[in-house]
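Structure assessment
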Amino acid sequence: GSTNSWVANGSNGKLGIGTTLPIGKFNVEKDSTTDGLSQAITISSSSANTKRMNLGYVPGSNYSFIDTINYGISNTSQALSLQPNGGNVGIGTTSPSSKLNIANNLGNAKLTIEAGLASSVTGSSSIDIISRNSGSGTSPISRIEGIFEDSNDSAITLSTTEGGVLSERMRI
């Protein structure tokens, strides 16, 4: 389609921006080579237009994205909340049964937690398990952590809180 076109087709109920042949009820097309930007849809507030949510597709890298950025503070990434008022989020399922439900109808489901860049592999990745005790207001924590020790070795540690201090209990 053309980047300078839009069409509202009353006979089939489709709206196209950047295309004269919309393929869905609402179709936005944008060629990232025209301005170097990939976002096709930007949502911003008229009172704070430097804070935006972008949706787009990067054809050269073959991925889609949703991001939130504050362009007023050196293009700082902002938090993106899914279901902030409750409800479940599903990946690979249309009926998630928990806060995050990852499903794969072809067999094994996998969750990857990655720290650092491939060129500078340092640090660790962890899952923190937080149980809140409403009576005392404390938040005891348990942690499962993957640790990069050196170029040949790594470890998994299990930690729990005792007396308010998170301590490693087991290393594999």
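Everything quoted here is computed from the prediction, not taken from an experiment.

Parameters at a glance
Residues numbered from 1 in each chain as written. Predicted model: local features only at pLDDT ≥ 70, side-chain atom pairs only at ≥ 80, totals over all residues. Heavy atoms only, no water. Helix = DSSP H or I, 4+ residues; strand = E, 2+ residues; numbered from the N terminus. Buried < 20%, exposed > 50% of the residue type's maximum accessible area, 1.4 Å probe, protein only. Contact = heavy atoms within 4.5 Å. Areas by Shrake-Rupley, 256 points an atom, 1.4 Å probe, with all protein chains shown as cover. Polar contact = N/O pair within 3.5 Å; in protein donor to acceptor, adjacent residues only side chain to side chain. Patch = residues over 30% accessible without salt bridge, like charges linked within 9 Å, V, L, I, M, F, W, Y side chains within 5 Å. Salt bridge = Lys/Arg side-chain N within 4 Å of Asp/Glu carboxyl O. Pairing = 2+ DSSP bridges. Axes fitted to C-alpha atoms, helices over the stretch in contact; angles between N-to-C directions.

1. Structural notes on the overall build of the protein
A tally of regular secondary structure across the protein gives zero helices and 13 strands. For the protein, the α and β elements follow one another from N to C terminus as β-β-β-β-β-β-β-β-β-β-β-β-β. Put simply, the protein has 172 residues, and 14% of those count as buried. Taking the intrachain contacts of the protein between residues at least 6 apart in sequence as the baseline, contacts between residues at least 24 apart amount to 5%. Surface exposure of the protein reaches about 12,700 Å², of which carbon and sulfur atoms provide 52%.

2. Quick word on the side chain of Asn54
Mapped onto the elements, Asn54 comes out in strand β5 (residues 51-58). For Asn54, a relative accessible area of 1% puts it in the buried group. A polar atom in the side chain of Asn54 sits 2.9 Å from the side chain of Thr42.

3. A few points about a nonpolar patch on the surface
A surface patch of nonpolar side chains, amounting to about 810 Å² of accessible area, comprises Leu111, Ile113, Ile127, Ile129, Ile144, Ile156, Leu158, Met170 and Ile172. Counting residues per element, the ones that place at least two in the nonpolar patch are β10 (124-130) and β12 (153-162). The topology assignment puts Ile156 in strand β12.

4. Details of the sheet that holds β12
Judged by pairing direction, the sheet is antiparallel, and its four strands sit side by side in the order β10-β11-β12-β13 without closing on themselves. Strands with a single pairing partner mark the edges of an open sheet, and in this sheet they are β10 and β13 (165-171). Adjacent strand axes in the sheet meet at a mean angle of 25°, parallel and antiparallel pairs treated alike. Sheet topology note: the strand β11 (residues 141-150)/β12 ladder contains seven bridges and is antiparallel.

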